[in-house]
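# Commentary on secondary and tertiary structure
Residue-level listing of the chains:
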Amino acid sequence: MQPDAGTLETVLRAAQGGDVTAFNTLVVVYQRQVFNVCYRTLGSGEDAADATQDALLSAFRGLKTFQGTATGLRAWLLRIAVNACYDHLRRRQRRPADSLDALGATDSEHEISAAERLADPAQTPEQRSLSAETAEAIQTAIDRLSPDQRLTVILCDVQGLSYDEVAEAMSVELGTVKSRLSRARAQLRELLVAKGELPTSSQRLQERNS
Amino acid sequence: MTHPDHLADEELSALVDGQLAPDEIAQAQAHLGTCSACQARLEEMHELVGMLRSLPSVEPPRDFRLGPRLVVDPPNVIRLRRWYAWSRVGAGALAAVFVFLSVGTLYVDSRPGSATATLASKAQPAAPAPAAPNASGAESRDSSSAAPAPAPAAPAAAARPAAVPAASPAAQAPGIAAAAPAVRSQAAPAPTSTEPDQIAAATTVRPLPTQAPTPTVLARPAAGLATSSLPQAQADPAAPLRIAAAIVGVLAACGILLALFVRHRLQAASPSHLE
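The following refers to the structure shown. Position numbers for residues count from 1 along each chain, tracking the sequence in the order it is written. Whichever chain is written first becomes A and whichever ligand is written first becomes 1, with later ones labelled in order. Only residues with pLDDT of at least 70 get local features here, since the model is predicted, and only at 80 or more are side-chain atom pairs given and counted; chain-wide, interface and lining totals rely on the full set of residues. For side-chain calculations, the full set of non-hydrogen atoms in the structure is used, while hydrogens and water are omitted.

## Topic: the overall build of chain A
- Scanning chain A from terminus to terminus reveals ten helices and zero strands.
- Only DSSP runs of H or I reaching four residues or more are called helices, and only runs of E reaching two or more are called strands; each is numbered from the N terminus. Secondary structure elements of chain A, listed N to C terminal, follow the sequence α-α-α-α-α-α-α-α-α-α.
- Burial classification: accessible surface area is computed with a 1.4 Å probe over protein chains only, and a residue below 20% of its type maximum counts as buried, one above 50% as exposed, and the rest as partly exposed. Sorting the 210 residues of chain A into buried and exposed places 51% on the buried side.
- Contacts were defined at the residue level, with two residues in contact if any of their heavy atoms lie within 4.5 Å. Long-range pairs, those at least 24 residues apart, make up 65% of the contacts in chain A with a sequence separation of at least 6.
- The method behind every accessible area is Shrake-Rupley, applied with a 1.4 Å probe, and residues are considered shielded solely by the protein chains displayed. On chain A, roughly 9800 Å² of surface is accessible, and the fraction owed to carbon and sulfur atoms is 50%.

Written as structure tokens, this is what we have:
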């Protein structure tokens, strides 16, 4: 699915010239990742789809202003996605009634993703297969982080971006990424331990000593 | 964790991601070799990051490729864009006309006296009667300067009530606000520069019998500020210009407000997430 760097560069230049077909080639490459960032940030498939569409349209209109090469495109696109997510979060804050709907949507979305997970047996050795309950507990915990921490942990841990790319996508310093990530992980640990998804530190020590 | 030698959360977090400098890694390893609490924390961190990495990638519910309808702006945005363009051009044109009219008013004001009146009265010195209606402007001014009591205030006051309505709409329009003080400051000295001509006119027109009631006509706008346009149109050749400038100024202000409003709506309708 991922074209090589040279092809991508050519496609990027064509898209910058206003070629919609070329831009759609880029959409096919990146839409899944953009959608997933939005999905994990907003916790709702519907909102995430809207945010993804907004972000990709903004990207198409602003592609002429993109100075970098194809390698920097992912971070640039994700930065636009991050801004679209912030926009949606702000709008949700302004209309608290909608967030209740969004919560309802979140639950049904989770069931969908859980079903998908069962259908997808692909796992890298490092990753473990999560039960639907665990995945949901993780998403619930992520939802409780502040927007900045949430996006940092999603870009870095869930999407596997490097610190540099995260800094670029969120337009912050590298040190900020480090500290936000560490705080987000500490908070996630607390939340997941409280949920019983991670063993408490005393349990862990006992396990080691026995 | 409260132990000062223990690894900080941030160190553990960076260690898991391989983001520590080599000497920091060595330090951390040395500590981990002796501290089972930190080993447990590192293990926990590994486990947490592993869980996060294992979150499944969700299949997007639809294809986000841009169709021809999406690339083109939605109709409301197109309409707003057109409105914005027109309101900007309109407001700019009106503002330019307003400046032009204001300058024109100042120019007419700064010309010696009401020029037509002086010319007419000088051209026909032998026939004072037909000259009277034309000269009434000059006549009224000089008669007031000749009359002792209301004399100094009257010319300046006569110029001011007309200048104020022209200046006030300008204050609404931010771009043209600078013109307002100019109108006022230049309107004030205008009557003084006309004095020599007024004196000249006075010598020619003085014998007129209608001299007595005119100061009262002029005193009315000075006292009341609610000016009736009729005596002013006679007294002030720049009055039509002032009125036109006032109207155009108000329209320009409205145009600028409209353009700002449309721009606001446009930004709300087509958000950009680039920066």
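Alright, that's what it looks like, and here's the rest.
## Let's talk about the interface of chain B and chain A
- With 41 residues of chain B at the contact, the number on the chain A side is 61 residues.
- Taken over both partners, the interface formed by chain B and chain A buries close to 5100 Å², and the fraction arising from carbon and sulfur atoms is 57%.
- Basic side-chain nitrogens of Lys or Arg form a salt bridge, by our definition, when they fall within 4 Å of a carboxyl oxygen of Asp or Glu. Arg189 of chain A is paired through a salt bridge with Asp9 of chain B; the nearest N and O atoms lie 4.0 Å apart.
- Between N or O atoms, a polar contact is any pair within 3.5 Å; within protein, one atom must be a potential hydrogen donor and the other a potential acceptor, and residues adjacent in sequence are included only when both atoms are from side chains. Our count for the chain B to chain A interface comes out at 13 residue pairs in polar contact (both at pLDDT 80 or more).
- At the level of secondary structure, the elements contributing two or more residues to the side of chain B that touches chain A comprise helix H1 (9–16), helix H3 (36–53) and helix H4 (68–71) of chain B.
- In terms of residues, the side of chain B that touches chain A owes the most to one element, H3 of chain B, which gives 13 residues. Throughout, buried area stands for the accessible area (probe radius 1.4 Å) lost by two parts on being put together, summed over both.

## As for a nonpolar patch on the surface
- Residues Trp83, Leu258 and Phe261 of chain B make up a contiguous nonpolar surface patch of roughly 320 Å² in combined accessible area.
- You can see Trp83 of chain B is positioned in helix H5 (residues 75–110). A residue counts toward a patch only above 30% relative accessible area and without a salt bridge, and it is joined to like-charged neighbours within 9 Å or, for Val, Leu, Ile, Met, Phe, Trp and Tyr, to nonpolar neighbours within 5 Å.

## Digging into the packing of aromatic side chains
- Think of it this way: a Phe, Tyr or Trp ring, Trp meaning its six-membered ring, pairs with another when their centres are within 6.5 Å, and the plane angle makes it stacked under 30 degrees, edge-to-face over 60, tilted otherwise. Enumeration over the complete set of coordinates arrives at four aromatic pairs over all chains.
- For the ring pair Phe35 of chain A and Tyr39 of chain A, a centre distance of 6.0 Å and an interplane angle of 15 degrees mean the geometry is stacked. You can see Phe35 of chain A and its partner Tyr39 of chain A sitting in helix H2 (residues 20–42), four residues apart, about one turn around the helix. An identical accessibility class is assigned to Phe35 of chain A and Tyr39 of chain A; each is buried.
- Members of the aromatic cluster, each reached through a chain of ring pairs, are Phe35 and Tyr39 of chain A together with Phe64 of chain B.

## Details of the side chain of Asn36 of chain A
- Looking at the secondary structure, you find Asn36 of chain A in helix H2.
- Taking the relative accessible area as the measure of exposure, Asn36 of chain A reaches 3% and is therefore buried.
- Within the structure, the side chain of Asn36 of chain A is placed 2.6 Å from the backbone nitrogen of Val58 of chain B, a separation counted as a polar contact.

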